[in-house]
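# Report on the structure
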Amino acid sequence: SKAGTLSLGTSRLRLAATAAAAAAALSSSRALATGASSGRQSRSAFRRLKAVMRDYKQLSKFRLSALVALTASAGFAAGSGETIDYEKLVWTSLGTLSAAACANSLNQLYEVANDARMARTCNRPLPAGRLGSRHALLFAVLSGVSGLCMLAEQTNPLTTALAAGNIALYAGVYTPLKQLSVCNTWVGAVVGAIPPLMGWAAAAGE
């Protein structure tokens, strides 16, 4: 009788140990599944963020904007004389970059219909539908305001006025004139000549 009781107790202990091991394995499996799911979600969120950043980069025509900032930097260096104020140079370049991003974004907002019809431009964020017009307009406004504020705070009123005028000239005159007359190329030449003058004005104050 005692042997039977002992055997029964041992069986129960084995069953309990087996159940505990199974529960632990199930819990571990669930934790692994949750971790894997969380990892997939994190990677997916990161990919979406990269895609959005890429779209805003396209909206700003970043390479063109960076080239505009580079020409302003060249003007700054030319107007600095023997000593270059590198801190002001950086602020001038950043302000010019933001102003150019604003102008380019407004340009794409105006040309959505035309861009949608051309193979070269149909995959831009606006005609492709990856960004909405409100988002693009908000981005343009924020870029323009931040750029002009940087220039106003770190350079002088003349540089800021040149930047504001260039945004208006590019987005308000050059862009709509493209559909009407070849005279837009003359306006474009003026637009391209202003950033070096901005750099000079920022460095020399005149």
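The structure contained in this document is the topic of the report that follows. Predicted, not measured: the structure shown is a model, and the values here were computed from it.

Rules behind the numbers
- Residues numbered from 1 in each chain as written.
- Predicted model: local features only at pLDDT ≥ 70, side-chain atom pairs only at ≥ 80, totals over all residues.
- Heavy atoms only, no water.
- Salt bridge = Lys/Arg side-chain N within 4 Å of Asp/Glu carboxyl O.
- Helix = DSSP H or I, 4+ residues; strand = E, 2+ residues; numbered from the N terminus.
- Polar contact = N/O pair within 3.5 Å; in protein donor to acceptor, adjacent residues only side chain to side chain.
- Contact = heavy atoms within 4.5 Å.
- Phe/Tyr/Trp six-rings, centres within 6.5 Å; stacked < 30°, edge-to-face > 60°.
- Buried < 20%, exposed > 50% of the residue type's maximum accessible area, 1.4 Å probe, protein only.

Time to look at the pattern of salt bridges. Tallied over the full model, the rule gives 1 salt bridge. The residue R130 makes a salt bridge to D55 at a minimum N-O spacing of 2.8 Å. Taken together, the residues span a long stretch of sequence, with R130 in the loop between α4 (112–117) and α5 (133–154) and D55 in helix α1 (residues 2–59) at a distance of 75 residues.

With that settled, consider the side chain of S93. In this structure, S93 sits in helix α3 (residues 86–110). At 2.7 Å, the side chain of S93 and the side chain of S73 are in polar contact. Leaving out residues up to four positions away in the same chain, S93 has contacts with A69 and S73.

Next up on the list: the packing of aromatic side chains. A full pass over the atoms with the stated rule returns 2 aromatic pairs. Ring centres of Y56 and F139 lie 5.0 Å apart, and the angle between their planes is 40 degrees; on these two criteria the pair is classed as tilted. With Y56 in helix α1 and F139 in helix α5, this residue pair connects regions lying 83 residues apart in the sequence. The exposure class of Y56 is buried, given its relative accessible area of 19%. Ring geometry for Y170 against Y174: centres 5.1 Å apart, planes inclined by 15 degrees, an arrangement best described as stacked. Of this pair, Y170 and Y174 are both found in helix α6 (residues 157–177), 4 residues apart, which corresponds to roughly one turn of the helix. In this structure Y170 comes out as buried when scored by relative accessible area, which is 13%. For Y174, a relative accessible area of 18% corresponds to the buried category.

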